[in-house]
Amino acid sequence: SLYSVFTVLFIYFTCISTVQTTGCLHLREQCVNAGSGCEGVWDVVEDACNISVLGNRCKAEDSVGCNRIIQVLADEYPEFRDCVCTTDNICSITTLLGKLCSINKDNISMETKLQWGLSALSKQVHTTNRSCLDVNRECVEDEVCNKQLSLYLKVCSVNKKCNMEGCQAAIRFFYQNMPFEVAQMMIFCDCIQHDESCHRAKELLHGKPCAVTVVPAPSCLNVIQMCEENELCRKKYTTFRSKCWRHVTKKCYNDEACLETLLKDDMPCSATADCKAAYVSSWGTMLLTECTCQNVPPLEQPLCALFHHMLHSKSCFR
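Residues numbered from 1 in each chain as written. Predicted model: local features only at pLDDT ≥ 70, side-chain atom pairs only at ≥ 80, totals over all residues. Heavy atoms only, no water.

The name an unreviewed UniProt entry gives the protein is GFRAL protein, with Calcarius ornatus as the organism. Its UniProt record gives the protein a comment under Sequence similarities (unreviewed entry), which states: "Belongs to the GDNFR family." Turning to the protein, the UniProt annotation filed under Subcellular location (unreviewed entry) states: "Cell membrane". (UniProt positions renumbered as here; feature names shortened; annotations may be inferred.)

Below, the structure is given as C-alpha cells:
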C-alpha cells in the first residue's frame, strides 16, 4: 500500500541521516572488526595520529603524517571516502576522528620538510646499490625520515605478534611518504655476503619477516591469484606487468611453449623509470610475499617459474 511505501521511505531517510551523523565512527568499528586487512591499516592510523587506547581521543602531533595515512585508508577502503576531505590537513582529521582530536598546528610545516628535507639522503640518490647499513643510518640521522621509519618499525616489530596486513600498510605508507629517489635507494640497497649488520638493516628496511614471510610459503601461483582478488593489489600488479613485463600477456599463461620461450630468453624486461616506479609502488602488497614453486604440479611449473621470476628476480634492475 501507499502507506507502507511512505513508512519504508521514512525509515530509509531516517537511517540515512543517522548514518551520516555517526557514519565515520561506525565505519571505524566495522573496519576494526572486519578481518579484511582494514584493521591493519587502522592500526597505522592510530599510531600516526596518536589515538588513545580508548579510541576516543587523539593528539595529532604530526598532522601531515596523520592526514596522509587517512588518505591511504580512504584510497584502499573506498567506504571511508566521505570521511576525508581535500581542503586542508586538519579537515580530514576532524572529519574522521571528530572534535576530540587536538592538532598541533605548528607541525603543519612538516609538509615542507617532507618535500624539501631528507637532504642527507637525497645527496646520495645517484649512487646505485648502496649499502643498506649506510642508507638505514642516514635515514635514522634525518629527522623526517626517522619519524616515518619509527612508525613503520613499530607496526612491523618482530617483538610483538606480527600483523601482516598492518605491516604491509605501514610499508606502503612509509614508501609513499618518501621522495621517489629516496624510496628507490632504500628498496634497491644491498649488502655484501657476510656483513650481518647490513643484512639486519636490509631486513628492517624491506619489512622482513613480518610483511613477506608466511609459513608454509605459498606457491607463486597462489600469490598472483590472491593479488588478482584484491582491488588494490590487482591495480598495482596490472601496472607492474604493463610497465615492466609487457611481453607477458595473459594469453601466454596457458601456453607452455610461450612460457618456456620467455623464461629461456630471460624474459625481456623494460627497465624504464616507469617500471621502477611500478615496482616501488608494489611494495607493501602481497606481491612481495616470499613464494615457492615446490609441490606445484608439473603442468603448472612453467607458469609458476614465470611468476617467481617476475616478482623476485629483480632482473629488470640489475
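Participant: Looking at this structure, how should I read the pattern of salt bridges?
Facilitator: When the charged atoms of two side chains with opposite charge come close together, those side chains can pair. On inspection of all chains with the given rule, the structure shows 5 salt bridges. Notably, a salt bridge pairs D190 with K202, separated by 3.1 Å at the nearest N-O pair. Within this pair, whereas D190 is found in the loop between α10 (180-187) and α11 (196-205), its partner K202 is found in helix α11, the two being separated by 12 residues in sequence. Exposure remark for D190: the relative accessible area of 35% places this residue in the partly exposed category. (Salt bridge = Lys/Arg side-chain N within 4 Å of Asp/Glu carboxyl O. Helix = DSSP H or I, 4+ residues; strand = E, 2+ residues; numbered from the N terminus. Buried < 20%, exposed > 50% of the residue type's maximum accessible area, 1.4 Å probe, protein only.)

Participant: Would you take a moment to explain the nonpolar core for this structure?
Facilitator: In globular proteins that are soluble, nonpolar side chains generally tend to be buried together. Ranked by internal contacts, the top residues of the largest apolar core, which has 88 residues, are F80 and F307. If sequence neighbours within four positions are ignored, F80 has contacts with L27, R28, C31, C38, L73, A74 and L96. (Core = buried A, V, L, I, M, F, W, Y, C linked by side-chain atoms within 4.5 Å. Contact = heavy atoms within 4.5 Å.)

Participant: Help me understand the state of the cysteines, please; the structure alone is not making it clear to me.
Facilitator: As used here, a disulfide is simply a covalent bond connecting the sulfur atoms of two cysteines. The final tally for this structure, using the stated rule, is 8 disulfides. Each disulfide pairs two cysteine sulfurs, and for C132 the partner residue is C189, the sulfurs being separated by 2.0 Å. Across the S-S bond of C132 and C189 the torsion is about 95 degrees, and the bridge reads as right-handed. With C132 in helix α7 (residues 132-141) and C189 in the loop between α10 and α11, this residue pair connects regions lying 57 residues apart in the sequence. (Disulfide = S-S within 2.5 Å.)

Participant: Whenever I open this one, α11 confuses me. Can you help?
Facilitator: Since one α-helical turn is 3.6 residues long, residues separated by three or four positions face the same way. The complete set of buried residues in α11 reads C198, A201 and L205. In an axial view of α11, the angular spread of the buried residues amounts to 60 degrees, which keeps them on one side of the axis. Projecting away from the buried face of α11 at angles above 90 degrees are the exposed residues E196 and R200. Lining the buried residues of α11 we find α7, α8 (143-155) and α9 (164-177). (Arc of directions from axis to C-beta.)

Participant: Is there a simple way to explain the packing of α10 against helix α16 (residues 273-281) in this structure?
Facilitator: At a closest axis distance of 10 Å, the pairing of α10 and α16 adopts a crossing angle of 70 degrees. The orientation of α10 relative to α16 falls into the category roughly perpendicular. Side by side, α10 and α16 meet where F180, A183, Q184 and I187 of the first sit next to K276, A277, Y279 and V280 of the second. Looking at the contact of α10 with α16, its residues break down into 6 nonpolar, 1 polar and 1 charged. (Axes fitted to C-alpha atoms, helices over the stretch in contact; angles between N-to-C directions. Parallel < 35°, antiparallel > 145°, perpendicular 65-115°, else oblique. Nonpolar A, V, L, I, M, F, W, Y, C, P; charged D, E, K, R; others polar.)

Participant: What am I meant to see in the environment of L151 here?
Facilitator: Residue position: L151 is located in helix α8. Between the alpha carbons of L151 and D47 there is a distance of 6.9 Å; along the sequence they are 104 residues apart. If near-sequence neighbours (up to four positions away) are discounted, L151 is found in contact with V44, D47, A48 and F173.

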